[in-house]
Amino acid sequence: MTHVIITLGYPAARAFVAERNKLQLFTDAMTIIAMVMIIGGIVYALVLRGDFDISAFVMRRGMKRDDMQNFQKYKDDRNKKRKAAFNYPLFLGILYLIVSAVIAYGFL
């Protein structure tokens, strides 16, 4: 919920302080935020898929010498957490992009 407030706050503030073309500035800012969120969502989708598991395991193992668990146990723990996760940045980015396109197309 806080992501929605923060990500919609910037386009709203940008449109509020503009002297003219408020709707265009709102949709432009919303499109930029949507693209950034989509890129972040794609990276997060890679994390949720497990593409960076070995790198994260090696980094954590190198930083914590006392916690020497094996990779399979680490991967099983990550899979349990991964099943409950949802990719909100990608979902919100696509939603914002669609809303921005509808607003821009509807008011042109």
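Residues numbered from 1 in each chain as written. Predicted model: local features only at pLDDT ≥ 70, side-chain atom pairs only at ≥ 80, totals over all residues. Heavy atoms only, no water.

(A) Focus on helix α5 (residues 88–106). A rise of 1.5 Å per residue sets the reference length of α5, with its 19 residues, at 27 Å; its end C-alpha atoms lie 26 Å apart and thus fit the reference within 8%. Those residues of α5 not exposed but buried are Leu-92, Gly-93, Tyr-96, Ser-100 and Ile-103. Projected onto a plane normal to the axis of α5, the buried residues spread over an arc of 105° and lie on a single side. Of the exposed residues in α5, the ones pointing more than 90 degrees away from its buried face are Val-102, Tyr-105 and Gly-106. Here the buried face of α5 lies against α1 (2–17) and α2 (22–49). In this structure Asn-87 caps α5, since a side-chain oxygen of it lies 3.4 Å from the backbone nitrogen of Leu-90. (Helix = DSSP H or I, 4+ residues; strand = E, 2+ residues; numbered from the N terminus. Expected span 1.5 Å × (residues − 1). Buried < 20%, exposed > 50% of the residue type's maximum accessible area, 1.4 Å probe, protein only. Arc of directions from axis to C-beta. Contact = heavy atoms within 4.5 Å. Polar contact = N/O pair within 3.5 Å; in protein donor to acceptor, adjacent residues only side chain to side chain.)

(B) Inspection of a nonpolar patch on the surface at higher detail. Taken together, the side chains of Phe-86, Tyr-88, Phe-91, Leu-95 and Val-99 make up a nonpolar region of the molecular surface, amounting to roughly 470 Å² of accessible area. With respect to the secondary-structure elements, Phe-86 resides in the loop between α4 (71–83) and α5. (Patch = residues over 30% accessible without salt bridge, like charges linked within 9 Å, V, L, I, M, F, W, Y side chains within 5 Å. Areas by Shrake-Rupley, 256 points an atom, 1.4 Å probe, with all protein chains shown as cover. Salt bridge = Lys/Arg side-chain N within 4 Å of Asp/Glu carboxyl O.)

(C) Just unusual backbone geometry, in detail. Non-glycine residue Asn-21 carries a positive phi angle of around 55°. Here Asn-21 shows up in the loop between α1 and α2.

(D) Here's a closer look at the side chain of Thr-7. Mapped onto the elements of the fold, Thr-7 is located in helix α1. Under the relative-accessibility criterion, Thr-7 is labelled buried at 14%. Within the structure, Thr-7 has its side chain in polar contact with the backbone oxygen of Val-4 (distance 3.4 Å). Separated by 2.8 Å, the side chains of Thr-7 and Tyr-96 make a polar contact. When near neighbours in sequence (up to four residues on either side) are disregarded, Thr-7 contacts Ile-33, Met-37 and Tyr-96.

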